[in-house]
Amino acid sequence: MSDRSRTAEDVEEADVVLIGGGIMSATLGVMITLLQPDWRIVLVEKSDSIATESSDPWNNAGTGHSGFSELNYMPDPTDGSKPSEIARQFHITRQWWAHLAESGLLDPSEFIHSSPHMDVVFDRRGVDYLRQRYQTLITDPFFAGLEYSEDPARIATWAPLIMEGRCDEEPIAATRQPHGTDVDFGALTRALTSIITDRGGTVLLSHDVSSLRQETDGRWLVSGRSGDHRARFAIRGRNVFVGAGGFALRLLQRARLPEVRGYAVLPVGAAFYRCSAPKVVARHDSKVYGQAAIGAPPMSVPHLDQRIVGGEGHLLFGPYATFSTKLLKHGKLTDFFTTLRWHNLHVIAAAGLQNLPLVHYLITELASGPKKKFAQLQRFYPSAAFDQWELILAGQRAQLVTPDKKKIGVLRQGTEVVTSADHSISGLLGASPGASTAVPIMLDLLRQCFPDHWQRSWKGTIATAVTGFDSTTWDAADVSASLERTASALDLTNTPDRLR
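On a predicted model such as this, the values are computed, not experimentally measured, just so you know.

Rules used in this analysis
- Residues numbered from 1 in each chain as written.
- Predicted model: local features only at pLDDT ≥ 70, side-chain atom pairs only at ≥ 80, totals over all residues.
- Heavy atoms only, no water.
- pLDDT = per-residue confidence, 0-100.
- Contact = heavy atoms within 4.5 Å.
- Phe/Tyr/Trp six-rings, centres within 6.5 Å; stacked < 30°, edge-to-face > 60°.
- Helix = DSSP H or I, 4+ residues; strand = E, 2+ residues; numbered from the N terminus.
- Buried < 20%, exposed > 50% of the residue type's maximum accessible area, 1.4 Å probe, protein only.
- Lys NZ or Arg CZ within 6 Å of the ring centre and 35° of its normal.
- Axes fitted to C-alpha atoms, helices over the stretch in contact; angles between N-to-C directions.
- Parallel < 35°, antiparallel > 145°, perpendicular 65-115°, else oblique.
- Left-handed = near helix turned anticlockwise from the far one by under 90°.
- Nonpolar A, V, L, I, M, F, W, Y, C, P; charged D, E, K, R; others polar.

Visitor: So what's going on with the confidence of the model for the protein chain? Which residues, and what values?
Guide: Interpretation of this model should avoid reading the predicted coordinates in detail wherever pLDDT is low. Scored by pLDDT, the protein chain has a mean of 90; 94% of the residues are at 70 or more. Segment residues 1-8 is flagged for pLDDT under 50; beyond a separation of four residues in sequence, or across chains, it makes 27 contacts in the model.

Written as structure tokens, this is what we have:
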């Protein structure tokens, strides 16, 4: 990877400029590299290394969001449309990774491992909800193999720590999807970036973009400062993608994109309890999700997760809300204020007034001490020992707020791709489940921003690598065959030696 300083006169030319060194830019960069190998790709990253923000394994839960267990995606247990769509999107992502692995471009053991996804509920209301959810989803091909039980003994075989020390009289129910995975998005991002550089692309680290200006010929001049000496640099590109996480809105605002007028972001941080004690970690091989407390926002859904990072096993529990005006974990306290404009102030205010339960939840969480936070963990794992867990700060997210037709702010779940009218610049705004659905998001971007190339050749190439990528419905036989093929390609029977 190169990191050479440039003067303002020394302008580097590129076909595509990617801003941000996370999973989104890396995914898009690999696609374009393989689809159009004669194009010059330049990736610009503010930090001195790749995947230091949301893609870093300790800044996310590594769930590989697939709709299997995230109960906040399905508040109505009779409506499985959203989890089904997310499951379909993640399956497209999984197929792309399998294609790269089969082509010898990725080593799956470095970033993905089998980890069943579970839900567990502890009261009668939750049991009724989960039973109905299971009955709704079991008919969906993407949820084939989903198991349900209200038998404590059977649940104990799925997740021993969940049942250890629990009262026998307590109502309980659980579902288990054996096809779940644990994903190290940091390792994956670095592996994808290597594919770009191995094929002639350039990665510029410690390059802080401060300006995006469209020139008269339609190309974009991307400029800023680099390195410890803050030398000026400039890159001219035909197309630009802004995948800069919490900084994406600020950069699109500086590009004077009318499509983001009225858009705003709210900083949302999180912390997790982490356990690395081998004897505890060895007894939990799943990701177990629960229900948010009554009145709490959907993003507060608690979960106890197996994590595999660098071949070592860990457990994470959370999230616990934190607050900072930073938009990146390694950002500045002034970050949020740099996104404020006269046309988005009322949008932010309206969103706050419409989400008072969220405000109350954040205040309550911030006021909670370590012991109170740990009591939430013990609701999942009653026998948890305080001295085996440490509270770690996870990543910062920029929660997207958009104006609706009445110009009132709406707090958005998920992500949104914003593209200029001439398709020359685009950016990704929002948060979860972005990383897990990176492939379908980037395929939609390719289709929208490069329509001629897409129709001429790219669509056919993608169709070979990702079966059914443009299908909205799959039958059970096709899903089953695809799961079997991708499981083999990604070696999802693997277990690191140190976890055996």
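More follows now that the structure is in view.
Visitor: Now, about the packing of aromatic side chains: what can you tell me, with residues and values included?
Guide: Under the defined criterion, the tally for this structure stands at 18 aromatic pairs. Seen from their ring centres, Trp39 and Trp458 are 5.7 Å apart, and the 70° between their planes marks the pair as edge-to-face. Pair noted here: Trp39 is in the loop between α1 (23-35) and β2 (41-44) and Trp458 is in helix α13 (residues 451-465), with a separation of 419 residues, a long-range link. Residue classification places Trp39 among the buried residues on the basis of a relative accessible area of 12%. Exposure remark for Trp458: the relative accessible area of 0% places this residue in the buried category. With a centroid separation of 5.4 Å and an interplanar angle of 65°, the aromatic rings of Phe336 and Phe337 are classed as edge-to-face. Chaining the aromatic ring pairs together yields one cluster made of Phe122, Tyr273, Phe317, Tyr320, Phe374, Phe380 and Phe386. The ring of Trp39 has Arg238 lying over it, and the distance from NZ or CZ to the ring centre is 4.8 Å.

Visitor: Break down the packing of α1 against helix α6 (residues 185-198) for me, citing the residues and quoting the values.
Guide: Running from N to C, α1 and α6 point in directions that differ by 30°, and their axes come no closer than 9 Å. With respect to their mutual orientation, α1 and α6 come out roughly parallel. Considering only the axes of α1 and α6, their crossing is left-handed. Contacts from Ile23, Ala26, Thr27, Gly29, Val30 and Thr33 of α1 reach α6 at Phe185, Leu188, Thr189, Leu192, Thr193, Ile195 and Ile196. Here the contact of α1 with α6 is built from residues that sort into eight nonpolar, five polar and no charged.

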